[in-house]
Amino acid sequence: TNCEECANCVRDDCGACRSCLDKPKFGGMNKMRRRCVHRVCLNRNKGSTMAASASHNKNCLECANCLRDNCGACRSCLDMPKFGGINKLRRRCVHRICLNRNKRSTMADQVAAAIEVANDASDPQAAGGKKRS
């Protein structure tokens, strides 16, 4: 999810980094299939609606751990292709586990809670009163 508008997105490949040297236009075998390290988007995930609305994404992307870089030394990092792994585990770096993972509440959860409160207020039996016949 790159914006294709910031200074890094519109710049040309450097031709000297590991990612560029792997590209066919610089004589590489195209095994990494990575973007030039100097072309990392400055606005990544800021304007993306997909990252914010994805229900499978359970990380807040705002806490200190979510914003950290991969350590490159833990088991999860060593399995990542960018650190020479085979990508079998497909796990996040152990130092990047979200601190707010279970604290997030979605809009659907808030609406469901509001409906439940409204139903309890309108139902006399739920409030402890007796139903009149």
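Residues numbered from 1 in each chain as written. Predicted model: local features only at pLDDT ≥ 70, side-chain atom pairs only at ≥ 80, totals over all residues. Heavy atoms only, no water.

## Structural notes on the overall build of the protein chain
Rules: In DSSP terms, a helix is any run of H or I states spanning at least four residues, a strand is any run of E spanning at least two, and both are numbered starting from the N terminus. Residue contacts are defined here by distance: any two heavy atoms, one from each residue, within 4.5 Å place the two residues in contact.
Within the protein chain, the regular secondary structure consists of six helices and zero strands. Taken from the N to the C terminus, the helices and strands of the protein chain come in the order α-α-α-α-α-α. Looking at the protein chain alone, contacts between residues at least 24 apart form 42% of all its contacts between residues at least 6 apart.

## Details of the pattern of salt bridges
Which entries qualify depends on this criterion: Only one rule defines a salt bridge in this text: a Lys or Arg side-chain nitrogen within 4 Å of an Asp or Glu carboxyl oxygen. For every residue, the accessible area obtained with a 1.4 Å probe (protein chains only) is divided by the maximum for its type, and the residue is called buried under 20%, exposed over 50%, and partly exposed between those limits.
Inspection of every chain in the model, using the stated rule, returns four salt bridges. The partner of Asp 13 in a salt bridge is Lys 25, with the nearest N and O atoms 3.0 Å apart. One end of the pair, Asp 13, is in the loop between α1 (7–10) and α2 (18–21); the other, Lys 25, is in the loop between α2 and α3 (49–53), with 12 residues separating them in the sequence. Exposure remark for Asp 13: the relative accessible area of 17% places this residue in the buried category. Here Arg 39 and Asp 13 are joined by a salt bridge, their closest N and O atoms 3.4 Å apart.

## A word on the environment of Gly 85
Here Gly 85 is to be found in the loop between α5 (75–79) and α6 (107–122). Residues Gly 85 and Arg 75 lie 10 residues apart in sequence; the distance between their C-alpha atoms is 9.7 Å. Apart from the residues lying within four places of it in its own chain, the contact partners of Gly 85 are Leu 78, Asp 79 and Met 80.

## Comments concerning unusual backbone geometry
Note: most peptide bonds trans; most residues except glycine with negative phi. Phi at Glu 4 is positive, roughly 60°, even though this residue is not glycine. Assignment of secondary structure puts Glu 4 in the segment before α1. The partly exposed category is assigned to Glu 4, whose relative accessible area is 47%. Although it is not a glycine, Arg 33 sits at a positive phi angle of roughly 55°. When you line up the elements, Arg 33 lands in the loop between α2 and α3.

## Remarks on the side chain of Ser 19
Looking at the element boundaries, Ser 19 is found in helix α2. Aside from chain neighbours lying at most four places away, what touches Ser 19 is Met 32, Arg 34, Arg 35, Cys 36 and Val 37.

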